[in-house]
Amino acid sequence: MIKVENVSYYYQAGDEKRIQALKDVDMTIEEGEFVAIIGHNGSGKSTLAKLFNGLLIPQEGRVLVQGQATNDEDQYWSIRQQVGMVFQNPDNQLIATVVEEDVAFGPENLGLPSEEILERVEQSLSQVDMLAFRRHAPHLLSGGQKQRIAIAGILAMRPKCLVLDEPTAMLDPRGRREVLETVRRLNREDGMTVLWITHHMDEAVHAHRVLVMEGGSVVLQGTPRQVFRQSQQLQQLNLDVPAVTRLGQVLAQDGYSLPQDILTVEEMVKALCR
Amino acid sequence: MSITAKDLTHTYSPGTTWEATALKDVNLTIDDGEIIGLIGHTGSGKSTLIQHFNGLLRPTSGALTVQGIEVTAHANLRKLRQKVGLVFQYPEHQLFEETVLADVAFGPKNLGLPQEDSLRRAQTALAAVGLELDQVKDRSPFELSGGQMRRVAIAGVLAMEPEVLILDEPTAGLDPKSRNELMEHLRRIHKERDLTLVIVSHSMEEVAAVAHRLLVMDKGSIFTQGTPRQVFSRGEELRAIGLDVPPLTKLMLALQRQGVDVATDVLNVQEARAAIQQWRKGENTNV
């Protein structure tokens, strides 16, 4: 789906004081994958996210979306239609005063016939479970609902891949759950490729693959189990391990025979009550 | 007594079709020098409540006294707001000056303090939030990282030298490292300045580590209150009102449902470890 080939990115590239945000990043995102990207602030996560749909063009290396290079100007629109982005703050992403008009904005801009727009709006809103709110005013919705509307607006463009840059950072626990569940369902049921950038390790646990960024490079990657086993390395990177995983690790030090890669409460209960 | 509320009720837009009761008969007492964690999901009334504490809102009915001042339409709001500093959500959006030092000194300068005193207060406040004065004071606040901007904004309120400091979700949107650092700074500020601290948060784990007492709000009322330990032990009820109980509390509750006799009021990994060891020891002696 997406190939990142030997990419480096600099801010203020022409300047002597240029800042290197990404360093020789190589990765492949497969179709239908759910990939979580973690790393603390300044590790290069958000820069990487903006490369996936050509919002930023790397100065070195290249990014391919379905084989099309993002630095090819002729492909801009096609790439942005295929890879949709959702940002942290839902308030900055909603523009209309009625939910369905907001969702229709993208397809309207594509110049689609109105029946098709209507169909896309309805489908997108049901995909995020917000169809009942189609005539509501977005500003009166909760944070989680707003973020789901923002996602519906992207879905109406019929993308193949969603890139979400800390989509839950401004939400309360209920909103976080709503948004995470919505996106997991899109991945599971509709085969949507998902790149999920987060600080919350409990969210990364649900990914197929976790990439850990530090200093502009991918320093660790693997399944959540493989990654969260490396608790020492993660701690050195100032990242947390999910609390349940950490508990499993300290109990193992006490001589309990527990798997070292427990990720969820359910797994821990099973392991302890064997 | 720092803050006392008696049957505090607040209704937005009374008498209109938009009438909404955000607070209903809230009774609470916050002592001088306490650290309070105020918890509740969105819409539970937390923000409405704290806006009463510095007189941005006034009770529709009931009574509220803050640092000896009764919060009514006739209260001396200027005096109240000097005593009670309120840090809003995403306070970094309110930075505006050309340099960090000028931004932090703005408040005290506005109080009419001489330039020298304002700058001295600003410097002390920046140090209190862990910023290196020489590195930041002449920079534009907008060049700083998100975590640093947040701390500059908090310093701006600290420079007013409030007796009560209220922060609305101070760690929202920060990464784990900045979150921990900020909580650590708040803990130290509380100790050094001996002020009353009210921290509003979605994250029970986070406030539990620093708070003496938690107040949990639901539907405009105080749902429960107590030490973090007491509140955590009521995990099932908290889940029922839509709060996210910490994963370790969830684990202990799940073990209990499996018939295991285990403490559910654990606050961190070490306590969970101890609880599980105790349970296992008990089992071995039974056999």
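Residues numbered from 1 in each chain as written. Chains lettered and ligands numbered in written order. Predicted model: local features only at pLDDT ≥ 70, side-chain atom pairs only at ≥ 80, totals over all residues.

Section: the overall build of chain A
Regarding its fold elements, chain A presents eleven helices and ten strands. The C-alpha radius of gyration computed for chain A amounts to 20 Å, which stays within 12% of the reference 19 Å derived for 274 residues, consistent with globular compactness. With respect to the three principal axes, the spread of C-alpha positions in chain A is 65 × 50 × 30 Å. The buried share of chain A, taken over its 274 residues, is 47%. Restricting the contact set of chain A to residue pairs at least 6 apart, pairs at least 24 apart contribute 62%. (Helix = DSSP H or I, 4+ residues; strand = E, 2+ residues; numbered from the N terminus. Rg over C-alpha atoms; globule rule 2.2 N^0.38 Å. Buried ≥ 20, exposed ≤ 12 C-beta atoms within 10 Å, placed from the backbone. Contact = placed C-beta atoms within 7 Å.)

A closer look at the sheet that holds strand E9 (residues 213–218) of chain B
Residue and element names in this part refer to chain B. If you walk across this open sheet you meet the six strands as E6-E7-E8-E3-E9-E10, and the pairing is mixed. Every interior strand has two partners, whereas the edge strands, strand E6 (84–87) and strand E10 (221–226), have only one. Recorded for the sheet is a direction-independent mean angle of 20° between the axes of neighbouring strands. As judged from the five bridges shared by E9 and E10, these two strands associate in the antiparallel manner. Among the inter-strand pairings, Asp 218 is bridged to a residue of E10, identified as Ser 221. Where helix H1 (residues 46–53) meets the sheet, it contacts strand E3 (35–39), E6, strand E7 (164–168), strand E8 (196–201) and E9, and its direction lies at approximately 155° from that of E7. The strands touched by helix H6 (residues 146–158) within the sheet are E6 and E7, with E6 carrying the most contacts at an inclination of about 165°. (Pairing = 2+ DSSP bridges. Axes fitted to C-alpha atoms, helices over the stretch in contact; angles between N-to-C directions.)

A short note on the environment of Ile 29 of chain A
Residue and element names in this part refer to chain A. Along the chain, Ile 29 falls in strand E2 (residues 19–29). A count of 22 C-beta atoms within 10 Å places Ile 29 in the buried class. The sequence separation of Ile 29 and Asn 71 amounts to 42 residues, and the corresponding C-alpha distance is 18 Å. Among residues more than four places away in sequence, those in contact with Ile 29 are Met 1, Ile 2, Val 35, Thr 193 and Leu 195.

Section: the interface of chain B and chain A
The interface is formed by 28 residues belonging to chain B together with 29 residues belonging to chain A. Secondary-structure elements contributing two or more residues to the side of chain B that touches chain A are H6, helix H7 (176–193), helix H11 (247–257) and helix H12 (269–286) of chain B. No other element matches H11 of chain B, which puts six residues into the side of chain B that touches chain A. Of the residues contributing to the side of chain B that touches chain A, the split by class is twelve nonpolar, eleven polar and five charged. (Nonpolar A, V, L, I, M, F, W, Y, C, P; charged D, E, K, R; others polar.)

Observations regarding the nonpolar core
If you look at the biggest cluster of nonpolar residues, it comprises 90 residues, and the most contacted ones within it are Val 35, Leu 195 and Trp 196 of chain A together with Leu 251 of chain B. The biggest single contributor to this core is helix H5 (residues 143–155) of chain A, with six residues. Sequence-distant contacts of Trp 196 of chain A, defined by excluding residues within four places in its chain, comprise Phe 34, Val 35, Ala 36, Leu 164, Val 183, Glu 203 and Ala 207 of chain A. By size, the runner-up hydrophobic cluster in this structure holds 66 residues, among which are Leu 38, Leu 49, Val 100 and Val 231 of chain B. (Core = buried A, V, L, I, M, F, W, Y, C linked by C-beta atoms within 7 Å.)

Side note on the pairing of strand E1 (residues 3–12) of chain B
Each regular strand shows side chains that alternate between the opposite faces of the sheet. Residue and element names in this part refer to chain B. The sheet contact formed by E1 and strand E4 (residues 61–66) spans five bridges and is antiparallel. Each bridged residue has a counterpart across the sheet, and for Thr 9 the counterpart in E4 is Ser 61. Where E1 meets strand E2 (residues 20–30), seven bridges bridge the pair, whose relative direction is antiparallel. The partner of His 10 across the bridge, within E2, is Leu 23.

What to know about unusual backbone geometry
The residue Asp 129 of chain A is not glycine, and still its phi comes out positive at about 60°. Turning to its location among the elements, Asp 129 of chain A is positioned in the loop between helix H4 (114–127) and H5. By C-beta crowding, Asp 129 of chain A is classed as partly exposed, having 15 other C-beta atoms within 10 Å. The residue Ser 13 of chain B is not glycine, and still its phi comes out positive at about 45°. Mapped onto the elements of the fold, Ser 13 of chain B is located in the loop between E1 and E2. Residue classification places Ser 13 of chain B among the exposed residues on the basis of 9 C-beta atoms within 10 Å.

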